[in-house]
Amino acid sequence: MSRLEIQLPGLHLKNPIMPASGCFGFGKEYAQFYDLSLLGAIMIKATTAEPRFGNPTPRVAETTSGMLNAIGLQNPGLEKVLENELPWLSQYDVPIIANVAGSQVEDYVHVAREISKAPNVHALELNISCPNVKTGGIAFGTIPEVAAELTKKVKDVSEVPVYVKLSPNVANIVDMAKAIEQAGADGLTMINTLIGMRIDLKTGRPVLANRTGGLSGPAIKPVAIRMIYEVSQAVSIPIIGMGGVQSAEDVLEYFFAGASAVAVGTANFVDPFVCPTIIDELPQLLDELGIDHISECIGRSWGKNAKTVNYSS
Amino acid sequence: MSRLEIQLPGLHLKNPIMPASGCFGFGKEYAQFYDLSLLGAIMIKATTAEPRFGNPTPRVAETTSGMLNAIGLQNPGLEKVLENELPWLSQYDVPIIANVAGSQVEDYVHVAREISKAPNVHALELNISCPNVKTGGIAFGTIPEVAAELTKKVKDVSEVPVYVKLSPNVANIVDMAKAIEQAGADGLTMINTLIGMRIDLKTGRPVLANRTGGLSGPAIKPVAIRMIYEVSQAVSIPIIGMGGVQSAEDVLEYFFAGASAVAVGTANFVDPFVCPTIIDELPQLLDELGIDHISECIGRSWGKNAKTVNYSS
Amino acid sequence: MIKKELMRVISQQSIAENIFELTLQGDLVQEIKEPGQFVHLKVTSSTDPLLRRPISIANIDKRENQFTMIYRSEGLGTRVLSEKRPGETVDVLGPLGNGFPLDAVSEGQTALLVGGGIGVPPLYELSQQLVDKGVKVIHVLGFQSLSAVFYQEKFSLLGDTYIATVDGSYGEKGFVTDVIKKYGLSFDTLYSCGPTPMLRAIESEYADKNVYISLEERMGCGVGACFACVCHTAADPTGFSYKKVCSDGPVFKVGEVVL
Amino acid sequence: MIKKELMRVISQQSIAENIFELTLQGDLVQEIKEPGQFVHLKVTSSTDPLLRRPISIANIDKRENQFTMIYRSEGLGTRVLSEKRPGETVDVLGPLGNGFPLDAVSEGQTALLVGGGIGVPPLYELSQQLVDKGVKVIHVLGFQSLSAVFYQEKFSLLGDTYIATVDGSYGEKGFVTDVIKKYGLSFDTLYSCGPTPMLRAIESEYADKNVYISLEERMGCGVGACFACVCHTAADPTGFSYKKVCSDGPVFKVGEVVL
Ligand SMILES: Cc1cc2nc3c(=O)[nH]c(=O)nc-3n(C[C@H](O)[C@H](O)[C@H](O)COP(=O)(O)OP(=O)(O)OC[C@H]3O[C@@H](n4cnc5c(N)ncnc54)[C@H](O)[C@@H]3O)c2cc1C
Ligand SMILES: Cc1cc2nc3c(=O)[nH]c(=O)nc-3n(C[C@H](O)[C@H](O)[C@H](O)COP(=O)(O)OP(=O)(O)OC[C@H]3O[C@@H](n4cnc5c(N)ncnc54)[C@H](O)[C@@H]3O)c2cc1C
Ligand SMILES: Cc1cc2nc3c(=O)[nH]c(=O)nc-3n(C[C@H](O)[C@H](O)[C@H](O)COP(=O)(O)O)c2cc1C
Ligand SMILES: Cc1cc2nc3c(=O)[nH]c(=O)nc-3n(C[C@H](O)[C@H](O)[C@H](O)COP(=O)(O)O)c2cc1C
Ligand code: FES
Ligand code: FES
């Protein structure tokens, strides 16, 4: 069996590398660059019940070794995603993880029920942590009880395993993770963006029309690694890690911290070939470190208090 | 009056630039490089009731455009700071802001009472947000009621104005700031470090002996700017901003966000002359932007909902 | 087809205050379809600056496998770019987007090319291709001041060229639209690239005419994946329909999108 | 006095696998007091990498205003440093710390210089100054393997030089301490720089002797302000007393600090 292969609830991954939600659209654009079947999975752009235009522009701003975005969950809406995007993606041999967003419980439940029926959707990623929508989004991501309640409701209707995406904008990420695990989540994805802002000295105003935005990129990696290190030792469901991943080395740092797979977001904008490049480089890096199978890396950094990892093949 | 002069509770600042606590020791080292009287103020290393050795090494790790530290509040203790450090600093014409830390209320109160009597200590900075001490520290920084209670107790005994240093590792920084303002704080300083981690692929272990550490440097600036933008519009006490400041442009971005002064931390390690250099460059930058006095910059980015800023001269 | 290539710097020179002319060589050049397309540049292998920078293609030389861009040194990214020397490489993603349609004007007809500041560069390649096609070209180019003016002679060799400066330090004082009115310039097709206020002025003046405009927007991916650069369509100004400046544009027919 | 200076690269060459010899020129050289001091380098003006890198001074040429360092290309910072070419500049902070005391050995006496890997470089300047002083020097230098060996000839010109490699691919197989025993090398003073395990071995063998060791620790400021690089003192191994490697060290008398 391939040394990069990973089994997660609902997901048989050829390799543990997947583009992160919102950084890869619905795949069409990057299909110009390489065969999407090379990817372990694809996390598609957040889907909401109704179409959304999102926030006014400017929607992105650069920061030191990072970027801010306030897209505002622009997407064509559930119906069009089911009609056009998912069928188009089904031409590729790659599992789709559908990122589900909303502003009230009913929206989440509705989208989850319908989109989980799509044949190539193998898992859901509950986006309870989008910092760029006025209502909902973030609230679900900061109060454990609210998050747990939502998770339960979505689990009840979903036909595929449910991963919940955690917001880093909390005081205690472990409490949040535990509440969501107890609510029946099959896995966690983390982290979503930190909330940040840039101000333009010439205009004197925030660069983003939305004023604040989500901070992503290499700048946030240490925060993500720390949170995954803590959460992975407190829960027994798998974690798909993300935040500033650019290289095979970054991927292994995430595995060592406790992740079982890794998503790549902002780096796609810097290098559209970053995902296949990382997939190519991983085997050699494993050789250099004398590791047979990437699953052996999961939680390596825990030390004594390490728990055995059994959900990876 | 100088266009860089700023008046804050207890502090008459020649200019709004000061080294951040823990990044400048007690001044001796940087006095080799320039006259400390050039600085607006100096925030000295955290002082605790008893001497502390701090954490085992390695205590620092580099991250992309940032660094992690887990010093663990090493300091010679209140007595020696009063005997040696503060008297030595009194040779310079610069107000000292004493960073006060502890693991229980009594410690804070004791240190605050005693250190606030030192003639050159013009303000206290309550460090309720150090991520690198097992007990206390961080707890005080994440629960508004606890922070408010501590602030009250310290205010009761302090002979100088009290600034409280906020931790960014919270879900709602505004609630925290308001609670502390209501408790009688004279000002806020923000932000302390985000909690992060680096893992060494060769050893498979966290780089820091303490495992986690505080993330500082340019990487965190957008988070600090956002929090100051939010807090400065919610409270009416002044804010001393910090987080990744490296240049005169950064300083003005902080003022535009709502800060009334700025502290420089990590950048001192990169360039020991960074503080005087920024102080030199500010007037020209103000000229380029057509601004007479730096106090005019405070809160410029707020737009309509701007409140008038009256605590700056 | 969009390529990502480490292209070689052939030449770089300052041609006006903070304005640089950079010529790069590589196979990517063969992929360029139309004037008005742009490239997305990574100016350093470090993460600071992190994102690519969009810059228009100002001149194409397929025989030499070279293209030229003209850019203003604004912030960190373009400053780092301006320090590149011949022999060094630049990481280029492109060609991107859809450029100016040449078939919007026919041989013998007149095209008015209206550019403002750093919007002028893509008009140079456009003008050459129109002239090759037998179209009469007239240029109206606006700049901040004399020190910012570039390529006047080059444009003059292709057709009548009017220069306007905001401060009147050179050519006509005022905006490009004033110049068009003052000289009663008439045209079959108008092509324009420049700051949004200028494009708005042109839109309101010549909405009924055959006009194509090139837009600017802050970008993430540059290829249509991140939804950073969208604008509303005029048909549905407050609804869900949208265009992406990076992949649907940057050139649009006037009235197609909301400026 | 500690200076911060943009020093000019005079030469840079690879002298062993991943090992580079870099010579810089500038007035800062005049400030160097002792062999064993180090400099703190900022290898790029960008924020990635952000921190300075501590590197020992391996050779001083005050007449030419130059000093040389020898370093291993490890991670990002030293890799970027290794790409510097003559004429370019490096931002140097230094000289830092306290080096090896020359007066710990007198004319006619014997000094044993024991180095491991990238701990070898500072011993080269030390050896030259000892020889100038009329001290007999013996070198025992440990490396991973043949491919990592450097400066053997240069050391040989100054005194007897024994090379040990961990894998035995060159010289003696084993550790420097084995070599010292095997040849029964005796000395009045021992100076050592290398990995901590090597220093511990030397400490346990020669605790009673006149031994000076140079330590390594991860650093922030490099000047004594940040408390990143502290170690316990042997006098008070679990208490509050401490030494800073950057400003009290990096050279300590054996038994002064806890390794
Ligand atoms: C399709 C297109 C074509 C362009 N063609 C040219 C050209 O030919 N010549 C030229 O000089 N400029 C051109 N620009 C503008 C150019 O992209 C910006 O001047 C440049 O990105 C500024 O980067 P910086 O690092 O100097 O500034 P910084 O302020 O450091 O940039 C910070 C961030 O903001 C973005 N940004 C800043 N200004 C602009 C802007 N005006 N438009 C879009 N993004 C911006 C940057 O891309 C970066 O992500 C074009 C822009 C677009 C969208
Ligand atoms: C006083 C002193 C003198 C030194 N002299 C030499 C020398 O002459 N030649 C030489 O090759 N090396 C020397 N070193 C080690 C050298 O500092 C590191 O190899 C170098 O900092 C690694 O940086 P990097 O960017 O290549 O690695 P990275 O892994 O990218 O560095 C990441 C961070 O860790 C720090 N770091 C990594 N390894 C070490 C280490 N071994 N010691 C201290 N900090 C480290 C870096 O400074 C940086 O802050 C010395 C270290 C010290 C403390
Ligand atoms: C432009 C942009 C759009 C994003 N959109 C979404 C989204 O729709 N849903 C979501 O869960 N996360 C979204 N994210 C967050 C990413 O999926 C990812 O969690 C975050 O960017 C950290 O990873 P990175 O540093 O590799 O980008 C978006 C990020 C960016 C930069
Ligand atoms: C090495 C180091 C030590 C620090 N020690 C303290 C401290 O003792 N007390 C405190 O309140 N903050 C401490 N800080 C936090 C800084 O004062 C500052 O809030 C933070 O580093 C963000 O600013 P910067 O990005 O400019 O470094 C320390 C930071 C660093 C890097
Ligand atoms: S820049 Fe990403 S969609 Fe246009
Ligand atoms: S490195 Fe800062 S005290 Fe030594």
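Throughout this description, residue numbers start from 1 for each chain and increase along the sequence as written. Chains carry letters and ligands carry numbers; both start at the beginning, A for chains and 1 for ligands, and go up in the order they are written. The predicted origin of the model limits local features to residues at a pLDDT of at least 70 and limits the giving and counting of side-chain atom pairs to 80 or more, whereas totals for whole chains, interfaces and linings rest on all residues. Based on all heavy atoms of the structure, the side-chain values leave hydrogens and waters out of the count.

A.B. asks: Please explain the overall build of chain C as it appears in this structure.
C.D. replies: Secondary structure elements are taken from DSSP: a helix is a run of H or I of four residues or more, a strand is a run of E of two residues or more, and numbering for both begins at the N terminus. Tallying secondary structure elements over chain C gives five helices and 16 strands in all. Across its three principal directions, the C-alpha atoms of chain C cover 50 × 45 × 35 Å. When accessible area is computed with a 1.4 Å probe and restricted to protein chains, residues below 20% of their type maximum are described as buried, those above 50% as exposed, and intermediate ones as partly exposed. Counting the 259 residues in chain C, one finds 58% classified as buried. Whether two residues are in contact is decided by their heavy atoms: any pair within 4.5 Å suffices. In chain C, once contacts between residues fewer than 6 apart in sequence are set aside, the share between residues at least 24 apart is 64%. Reported accessibility uses the Shrake-Rupley method at a 1.4 Å probe radius. Residues are deemed covered only where the shown protein chains occlude them. Entry remark: accessible area of chain C is about 10,200 Å², with carbon and sulfur atoms responsible for 48%. Working convention for charge: Lys and Arg count positive, Asp and Glu count negative, and His plus the chain ends are omitted. Positions of charges follow a simple convention, taking NZ of Lys, CZ of Arg, CG of Asp or CD of Glu. Put simply, chain C has 25 plus and 31 minus side-chain charges, and the middle of one group is 4 Å from the middle of the other.

A.B. asks: In this structure, what is going on with the site of ligand 1? I would like to understand it.
C.D. replies: All names here are of chain C. If even one non-hydrogen atom of a residue comes within 4 Å of a molecule or strand, that residue is called near it. Inspection of the region around ligand 1 gives 18 residues, with Arg53, Pro54, Gly75, Gly77 and Thr78 positioned closest. Each polar contact in these results corresponds to two N or O atoms within 3.5 Å; when the atoms are within protein, one needs to be able to donate a hydrogen and the other to accept it, and residues that are neighboring in sequence are counted only if both atoms are side-chain atoms. Between Leu76 and ligand 1, the recorded distance is 3.4 Å, taken from a backbone N or O atom to an oxygen atom. One of the side-chain nitrogen or oxygen atoms of Thr78 is found 2.5 Å away from an oxygen atom of ligand 1. The fraction of the free accessible surface of ligand 1 (830 Å²) that becomes covered by protein chains is 87%.

A.B. asks: Would you mind showing me how to read the interface of chain A and chain B here?
C.D. replies: Much of the literature gives interface size as the accessible area that the parts lose upon coming together. On the chain B side, the residues contacting the 42 residues of chain A number 41 residues. Buried area: the sum, over both parts, of the accessible surface (1.4 Å probe) that disappears when the two are put together. Between chain A and chain B lies a buried interface of about 3,300 Å² when both sides are counted; carbon and sulfur atoms form 65% of it. Among the salt bridges present, the one from B:Arg198 reaches A:Glu253, with a minimum N-O distance of 3.2 Å. Applying the counting rule to chain A against chain B returns 13 residue pairs in polar contact (both at pLDDT 80 or more). If you list the elements that add at least two residues to the side of chain A that touches chain B, you get strand 11 (194-196), helix 6 (221-234) and helix 7 (248-257) of chain A. The greatest single-element share of the side of chain A that touches chain B, amounting to seven residues, is contributed by helix 6 of chain A. Within the side of chain A that touches chain B, the residues separate by chemical class into 21 nonpolar, 10 polar and 11 charged. Throughout this description, the term salt bridge denotes a Lys or Arg side-chain nitrogen within 4 Å of a carboxyl oxygen of Asp or Glu. Asp, Glu, Lys and Arg are counted as charged, while Ala, Val, Leu, Ile, Met, Phe, Trp, Tyr, Cys and Pro are counted as nonpolar; the rest, among them Gly, fall into the polar class.

A.B. asks: Looking at this model, I keep getting lost on the state of the cysteines. Mind explaining?
C.D. replies: Disulfide: a covalent bond connecting the sulfur atoms of a pair of cysteines. Put simply, a disulfide is two cysteine sulfurs that come within 2.5 Å. Across all of its chains, the model carries zero disulfides over all chains by this definition. Left unpaired, B:Cys297 is separated from the closest cysteine sulfur, that of B:Cys275, by 18 Å.

A.B. asks: Explanation requested: the site of ligand 2 in the structure shown.
C.D. replies: Residue and element names in this part refer to chain D. With respect to spatial proximity, 18 residues lie near ligand 2, and among them Arg53, Pro54, Gly75, Gly77 and Thr78 are the closest. Contacts to ligand 2 include Thr78, whose side-chain N or O atom sits 2.5 Å from an oxygen atom. Across the complex, the protein chains shield 87% of the 820 Å² of accessible surface that ligand 2 would expose by itself. Looking at the shell around ligand 2, the elements that each hand over two or more residues are strand 4 (53-56), strand 6 (66-72) and helix 1 (76-82).

A.B. asks: Looking at this structure, I do not really get the relation of the copies chain A and chain B. What am I missing?
C.D. replies: What relates the two chain copies is a rotation about an axis together with a slide along it. For the least-squares superposition of copies, only C-alpha atoms count, and only for residues with pLDDT at least 70 in both. Of the transformation superimposing chain A on chain B, the axial component is 0.0 Å and the angular component is 180°, with the fit at an RMSD of 0.0 Å. Between the two chains, the operation in question is that of a two-fold axis. The fraction of interface residues of chain A whose copies in chain B are also interface residues reaches 98%, indicating that both copies meet through the same surface.

A.B. asks: Mind showing me how you'd approach the environment of A:His12 here?
C.D. replies: All names here are of chain A. Note that His12 resides in strand 2 (residues 11-13). The exposure class assigned to His12 is partly exposed, which follows from its relative accessible area of 41%. Taking C-alpha positions, His12 is 8.1 Å from Gly40, a pair spaced 28 residues apart along the chain. Setting aside residues up to four positions removed in sequence, His12 forms contacts with Glu5, Ile6, Gln7 and Pro95. Polar contacts involving the side chain of His12 include one to the side chain of Glu5, which spans 2.8 Å. Side-chain polar atoms of His12 contact the side chain of Gln7, separated by 2.7 Å.

A.B. asks: Is there a simple way to explain the sheet that holds strand 10 (residues 160-165) of chain D in this structure?
C.D. replies: Sheet strands pair by backbone hydrogen bonding; their relative direction is either parallel or antiparallel. All names here are of chain D. Any two strands are treated as partners once DSSP identifies two or more bridges connecting them. In space, the seven strands of this open sheet follow the order 11-10-9-8-12-13-16, with mixed pairing throughout. Either end of the sheet is taken by a strand with one partner, and the two such strands are strand 11 (172-173) and strand 16 (251-253). Relative to strand 11, strand 10 is paired through two bridges, and the arrangement is parallel. Counted as the bridge partner of Ala164 is Glu172 from strand 11. Here an angle of 0 to 180 degrees is reported between the N-to-C directions of two axes, which are lines fitted to C-alpha atoms, with helices fitted over the stretch in contact. Seen against the sheet, helix 2 (residues 121-132) touches strand 8 (110-116), strand 9 (136-143) and strand 12 (189-193) and runs at an angle of roughly 170° to strand 8. Across the sheet, helix 5 (residues 196-206) is in contact with strand 8, strand 12 and strand 13 (210-214); its angle to strand 12 comes to roughly 160°.

A.B. asks: Quick question: what am I supposed to make of a negative patch on the surface here?
C.D. replies: All names here are of chain A. The grouping of Glu249, Asp280, Glu281 and Glu288 at the surface amounts to a negative patch. No other element matches helix 9 (residues 274-288), which puts three residues into the negative patch. Following the sequence through the fold, Glu288 ends up in helix 9. Note that patches include only residues with greater than 30% relative accessible area and no salt bridge, and the join distances are 9 Å for like charges and 5 Å for nonpolar side chains (Val, Leu, Ile, Met, Phe, Trp, Tyr).

A.B. asks: So what exactly am I meant to see when it comes to the confidence of the model for chain A here?
C.D. replies: Detailed conclusions should not be drawn from predicted coordinates in areas where pLDDT is low. pLDDT is a per-residue confidence score from the predictor, ranging from 0 to 100. Within chain A, residue pLDDT values average 94, and 93% of them lie at 70 or more. Scored below 50 in pLDDT, residues 308-313 of chain A makes 20 contacts in the model with residues more than four places away or belonging to other chains.

A.B. asks: Which parts of the structure should I look at to understand the sheet that holds strand 13 (residues 239-242) of chain B?
C.D. replies: All names here are of chain B. Taken together, the eight strands give an open sheet; going across it, the order is 3-14-13-10-9-8-7-4, and neighbouring strands pair in parallel fashion. Among the strands making up the open sheet, the edge pair consists of strand 3 (17-19) and strand 4 (42-47). Between one strand and the next, the sheet's axes are offset by a mean angle of 25°, whatever the strand orientation. Two strands pair when backbone bridges link them, and strand 9 (residues 162-165) and strand 10 (residues 187-190) are joined in this way by three bridges, in the parallel orientation. Counterpart to Lys165 in the pairing with strand 10 is Thr189.

A.B. asks: Would you mind going over the pairing of strand 8 of chain D with me for this structure?
C.D. replies: For a regular strand, side chains alternate in direction, first toward one face of the sheet and then toward the other. Residue and element names in this part refer to chain D. Along strand 8, seven of the seven residues are buried, which leaves the element largely enclosed by surrounding structure. Going residue by residue along strand 8, you find Thr110, Leu112, Val114 and Gly116 tucked away on one face and Ala111, Leu113 and Gly115 tucked away on the opposite face as well. The pairing of strand 8 with strand 9 spans seven bridges and is parallel. Looking at the pairing, Leu112 lines up with Ile138 of strand 9.

A.B. asks: Looking at this model, I keep getting lost on helix 9 (residues 274-288) of chain B. Mind explaining?
C.D. replies: An α-helix turns once per 3.6 residues; consequently, residues spaced three or four apart project the same way. All names here are of chain B. What a helix should span is 1.5 Å times the count of its residues minus one. Relative to the 21 Å expected for 15 residues at 1.5 Å per residue, helix 9 spans 21 Å between its end C-alpha atoms, a close match to the ideal helical length. Along helix 9, the helix axis deviates most sharply at Leu282, where the bend reaches about 35°; the proline Pro283 sits within four residues downstream. Buried residues of helix 9: Val274, Cys275, Pro276, Ile278, Ile279, Leu282, Leu285 and Leu286, and no others. Buried-residue contacts for helix 9 involve strand 3, helix 7 (248-257), strand 14 (261-264) and helix 8 (267-270). Think of it this way: the bend at a residue is just the angle between two axes, each fitted to seven residues, one set ending at that residue and the other starting at it.

A.B. asks: Where do I start with the nonpolar core in this structure?
C.D. replies: Nonpolar side chains in soluble globular proteins tend to end up buried together. One finds A:Ile240 and B:Ile240 to be the most contacted residues of the largest nonpolar core, which totals 307 residues. Every residue in contact with B:Ile240, bar those within four places of it in the chain, is listed here: B:Leu8, B:Leu11, B:Met18, B:Met43, B:Ile97, B:Tyr163, B:Leu188, B:Thr189, B:Met190, B:Ala261, B:Val262 and B:Ala263. By nonpolar core we mean a set of buried residues, namely Ala, Val, Leu, Ile, Met, Phe, Trp, Tyr and Cys, connected to one another through side-chain atoms within 4.5 Å.

A.B. asks: Would you explain the pattern of salt bridges in this entry?
C.D. replies: One side chain can pair with another of opposite charge once the charged atoms of both are near each other. Counted under the stated rule, the structure contains 38 salt bridges over all chains. For the salt bridge of B:Lys117 with B:Glu114, the shortest nitrogen-to-oxygen distance reads 3.4 Å. Among the residues examined, B:Glu114 registers a relative accessible area of 24% and is labelled partly exposed. With a shortest N-O distance of 2.9 Å, C:Asp91 and C:Arg52 are connected by a salt bridge. Placement of the pair is C:Asp91 in strand 7 (residues 89-96) and C:Arg52 in the loop between strand 3 (38-42) and strand 4 (53-56), with a sequence separation of 39 residues. Each member of the pair, C:Asp91 as well as C:Arg52, carries the same accessibility label: buried. Salt bridges sharing common partners tie together A:Arg198, B:Lys221, B:Asp250 and B:Glu253.

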